[in-house]
Amino acid sequence: MKPEPASSQPLLDVRNLEITFHGRDGAMKAVDNISFAIEKGETLAVVGESGSGKSVTALAMTQLLPPPPVCRVGGNIFFEGLDLLQLRQRELRRFRGKEIAYIFQEPSTSLNPVFTVGNQIAEAVKLHRPEVNDVTAEVIRALDLVKIRDPDKRHKDYPHQLSGGMQQRVMIAMALACHPKLLVADEPTTALDVTIQAQIMDLLKELKTKLGMSVLMITHNFGIVNGFAEKVVVMFRGKIVEAGETQSVLRNPQHPYTKALIACIPRLGVKQQRLTTIDYATLG
């Protein structure tokens, strides 16, 4: 397929995306005809509970889902006008990690325990930036960028020697070492305590501005979206039920599911015996 015209095109343009998994019990549609776009330098948050289709949407962008007949993906995903779903695996290698980088939840399971963190960052640099002569220096710069102290020493550490927050900073360093245009952050604060969550979100916000990249934030928590994402998309059972500017959605949510998610955000000075129950029967 020919690239889209370059004039005023978004960085990422997802159109009519459908993802269906096929198993012994039949077909299950995980994503049902969704569309959204991310402009250059913009942050979009995709919010929804587990199983709503958020993560598989992100994985579909670079064809990281199982191939047919296990999984079938329809629609278009344009990246700078080029439809990623039409590319062969060999062509996708220059996009994975280089143009589109991922940060996954649970950094302790994403990092290889038998290699130093510096070795793992270096692997990404060697693969996607062959022009770099001093890889070790580049690794140290990446760790310094995410504010890890003594990066010239810590790059020799193994994952188990680092705290959860430090491991997540290493994952961010690994993603940014290849200078991506789009960073996909999939629940990057799930396994961290509240204080470290805030530090990681502040770091991502600072790096996004400093590097001028776009961010696709995937989360179930509306609490971390405010002040970070310019726009938000709410997914429920594979569909987008609400979308718009973050402040507008937070102040005036229209869909009952969005209202329920926002009501679950803890608020200082407000006593609440239990979280708001989401009545799925009324949501269709």
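Everything below is about the structure printed above this text.
Parameters at a glance
Residues numbered from 1 in each chain as written. Predicted model: local features only at pLDDT ≥ 70, side-chain atom pairs only at ≥ 80, totals over all residues. Heavy atoms only, no water. Axes fitted to C-alpha atoms, helices over the stretch in contact; angles between N-to-C directions. Helix = DSSP H or I, 4+ residues; strand = E, 2+ residues; numbered from the N terminus. Parallel < 35°, antiparallel > 145°, perpendicular 65-115°, else oblique. Left-handed = near helix turned anticlockwise from the far one by under 90°. Contact = heavy atoms within 4.5 Å. Nonpolar A, V, L, I, M, F, W, Y, C, P; charged D, E, K, R; others polar. Buried < 20%, exposed > 50% of the residue type's maximum accessible area, 1.4 Å probe, protein only. Pairing = 2+ DSSP bridges.

A.B. asks: Looking at this structure, I do not really get the packing of helix α4 (residues 117-128) against helix α7 (residues 164-176). What am I missing?
C.D. replies: Their axes nearest at 8 Å, the elements α4 and α7 cross at an angle of 20 degrees. Relative to α7, α4 is oriented roughly parallel. Along this stretch, α4 crosses α7, giving a crossing that reads as right-handed. Here Val117, Gln120, Ile121 and Ala124 of α4 come into contact with α7, specifically with Val170, Ala173 and Met174. Across the contact of α4 with α7, the residue classes tally to six nonpolar, one polar and no charged.

A.B. asks: Just to check I follow, could you spell out unusual backbone geometry for this structure?
C.D. replies: For residues other than glycine, phi is negative in most cases, and the peptide bonds are mostly trans. For the bond from Pro68 to Pro69, the omega torsion is 5 degrees, close enough to zero to count as cis. By the element assignment, Pro69 lies in the loop between α1 (54-60) and β4 (71-79). Unlike most non-glycine residues, Asn16 shows phi in positive territory, near 50 degrees. Looking at the element boundaries, Asn16 is found in strand β1 (residues 12-23).

A.B. asks: Could you clarify how one ought to interpret the environment of Pro66 in this entry?
C.D. replies: Mapped onto the fold, Pro66 is located in the loop between α1 and β4. On the basis of relative accessibility, which here comes to 37%, the residue Pro66 falls in the partly exposed class. Pro66 sits 45 residues away from Phe21 along the chain, and the two C-alpha atoms are 8.9 Å apart. When neighbours within four sequence positions are excluded, Pro66 is seen to be in contact with Phe21 and Cys71.

A.B. asks: What is the right way to read the sheet that holds strand β10 (residues 239-245) from this model?
C.D. replies: Each strand in a sheet pairs with another by means of backbone hydrogen bonds, the pair being arranged parallel or else antiparallel. The sheet built from six strands is open, its strands ordered β6-β7-β8-β3-β9-β10 with mixed pairing. Sheet topology places β6 (100-103) and β10 at the edges, where each strand pairs with a single neighbour. Across the sheet, the mean angle from the axis of one strand to that of its neighbour is 15 degrees, orientation sign disregarded. Relative to strand β9 (residues 231-236), strand β3 (residues 43-47) runs parallel, the two sharing four bridges. By the bridge assignment for β9, Val46 is matched with Val233. Along the sheet, α7 makes contact with β6 and β7 (182-186), crossing β6 at roughly 175 degrees. Taken strand by strand, helix α10 (residues 256-263) contacts β3, β9 and β10, and its axis lies near 110 degrees from that of β9.

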